[in-house]
Amino acid sequence: MHKDTKHHNLLFVINPIAGDIDKEELEEEIQTLCHADGINYNIYKTTGEEDKKKIKELLAEHKYDAVYAVGGDGTVNLVSCLLIGTTTPLGIIPLGSGNGLSKDLNIPQDTEEALQLIHSHVVRNIDTIDVNGHPSVHLSDLGFNALVVKNFSEGDRRGPGAYAWIALQEYLNYVPKFYRIETDTETFEGEAFMVTIANANAFGSNANINPNGILNDGRFEICLIEPFPKPAGLGILYKLYTGGIDSSVYTRILSCKTATIYNIDNEVVHVDGEPVEMEQEIKVTIHPKSLKVILPVPEEQQDEPPLN
Ligand SMILES: Nc1ncnc2c1ncn2[C@@H]1O[C@H](COP(=O)(O)OP(=O)(O)OP(=O)(O)O)[C@@H](O)[C@H]1O
């Protein structure tokens, strides 16, 4: 068994609806694993109402060694908001329709394997981003994708098929919006199809909008897809799914530590997959290494003796 530290007291925040996956068996597995390792644990099931307040109360009452978010990127964001700037690490058991951050962190997508992180892991620090007071750990967007996310979250159907269908319908009529973006190093002014504020790399769909992003380099990227003729859409999609979007003539990447985005056309915004209402002026700042995350033990360390 290899660990940076042994955890004795865990909280699991389970989103029962995430990914449309039944999680009752998972609760039994958590019980078996924790009992086998002498770990105390609590489970909090989200309701979608006042979850942040209730989890905050649990965190104040108990001294948890780690909190596992069991769900998709929305659940990961909910838990992260409460752990940023603390010494308590975030664990992820990816069980949503979008599990983007867990993929960027190389957390196993298989539930049994991800649960092994309870026994064996390392803890590392990653950057987080503040988007007008909303913490973002993964990817936030203005423009086309944010509109699709909003329509998807308001719809009844879940899953990648429903998302793709909404995206196709919106794509046919979408008109790029106007933005002014001032970063600590450069200024962009013009129309864009999509503006992504990227701490990480790829959306849960595996579309890699920021192939060279590093989660702990003290910087974030603003990834622009500029207006393009509709027939070029397939080529852009291909590059998004093959890790080459930065080579497209329609993209521009601004690497920075701070930025102000003037959302002049009041386009919709999402933060880590959740639609959010925002002012026209959006201030973005990086908080370097402000969140501790639980990760698989890197292969090269697997034969070393445990630290304690
Ligand atoms: N018990 C619940 N009933 C309904 N909605 C819930 C419940 N618990 C959490 N939610 C909502 O689930 C969303 C987060 O879901 P998450 O991203 O973790 O999983 P997901 O399957 O990827 O979701 P989505 O498909 O909506 O992106 C939040 O909008 C939250 O308000």
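Residues numbered from 1 in each chain as written. Predicted model: local features only at pLDDT ≥ 70, side-chain atom pairs only at ≥ 80, totals over all residues. Heavy atoms only, no water.

An unreviewed UniProt entry lists the chain under the name Diacylglycerol/lipid kinase family protein, with Pontibacter ruber given as the organism.

Notes on the pairing of strand S8 (residues 177-183)
Of the two faces of S8, the one lined by Lys177, Tyr179, Ile181 and Thr183 is fully buried and the one lined by Phe178, Arg180 and Glu182 carries no buried residue. Across six bridges, S8 lies against strand S9 (residues 187-192) in antiparallel orientation. Bridging across to S9, Arg180 finds its partner in Glu189. Hairpin connection of S8 to S9: three residues between the antiparallel strands. Where S8 meets strand S13 (residues 258-262), four bridges bridge the pair, whose relative direction is antiparallel. Looking across to S13, one finds that Thr183 is bridged to Ala259. (Buried < 20%, exposed > 50% of the residue type's maximum accessible area, 1.4 Å probe, protein only. Helix = DSSP H or I, 4+ residues; strand = E, 2+ residues; numbered from the N terminus. Pairing = 2+ DSSP bridges.)

Observations regarding the nonpolar core
If you look at the biggest cluster of nonpolar residues, it comprises 46 residues, and the most contacted ones within it are Phe12, Tyr68, Leu90 and Leu105. Both of domain 1 (9-127 + 290-301) and domain 2 (134-288) provide at least three residues apiece to this core. Those residues in contact with Tyr68, other than ones at most four positions away along the chain, are Leu10, Leu11, Phe12, Val13, Gly91, Ile92, Ile93, Leu117, Ile118, His121 and Ile294. (Core = buried A, V, L, I, M, F, W, Y, C linked by side-chain atoms within 4.5 Å. Domains from an automatic or database assignment. Contact = heavy atoms within 4.5 Å.)

A few points about the sheet that holds strand S7 (residues 139-143)
Hydrogen bonding along the main chain pairs the strands of a sheet, whether they run parallel or antiparallel. In spatial order, the strands read S12-S11-S10-S7-S14-S15; together these six strands make up an open sheet with antiparallel pairing. Here the strands that pair on one side only, and so sit at the sheet edges, are strand S12 (251-256) and strand S15 (274-276). Within this sheet the neighbouring strands show an average axis-to-axis angle of 20 degrees, counted without direction. Packing of helix H6 (residues 144-154) onto the sheet brings it into contact with S7, strand S10 (194-198), strand S14 (269-271) and S15, and relative to S7 it is tilted by some 100 degrees. (Axes fitted to C-alpha atoms, helices over the stretch in contact; angles between N-to-C directions.)

Description of the pattern of salt bridges
All told, the structure shown has nine salt bridges when counted by the stated rule. A salt bridge links Lys177 to Glu267, with the nearest nitrogen and oxygen atoms 3.7 Å apart. Here Lys177 is found in strand S8, whereas its partner Glu267 is found in the loop between S13 and S14, with 90 residues between them in sequence. Close ionic contact of Lys283 with Glu281 constitutes a salt bridge, the shortest N to O distance being 3.3 Å. Owing to a relative accessible area of 45%, Lys283 belongs among the partly exposed residues under this scheme. (Salt bridge = Lys/Arg side-chain N within 4 Å of Asp/Glu carboxyl O.)

Let's talk about the environment of Tyr163
The residue Tyr163 is located in helix H7 (residues 159-173) in this model. Considering only alpha carbons, one finds Tyr163 and Phe152, eleven residues apart in sequence, at a separation of 6.1 Å. Excluding residues within four positions of it along the chain, Tyr163 makes contact with Asn145, Val148, Val149 and Phe152.

Topic: the domain arrangement of the chain
The domain boundaries assigned to the chain delineate domain 1 (9-127 + 290-301) and domain 2 (134-288). The C-alpha centroid of domain 2 is placed 26 Å from the C-alpha centroid of domain 1. Counting residues at the interface gives 21 residues for domain 1, matched by 25 residues for domain 2. Carbon and sulfur atoms make up 56% of the surface buried where domain 1 meets domain 2, a total of about 1,600 Å² over both sides. One can count zero salt bridges joining domain 1 with domain 2. Counting every contact that joins domain 1 to domain 2 gives 14 residue pairs in polar contact (both at pLDDT 80 or more). Examining the composition of the side of domain 1 that touches domain 2, we find that six residues originate from one element, helix H3 (residues 73-83), more than from any other. (Buried area = accessible area lost by both parts, 1.4 Å probe. Polar contact = N/O pair within 3.5 Å; in protein donor to acceptor, adjacent residues only side chain to side chain.)

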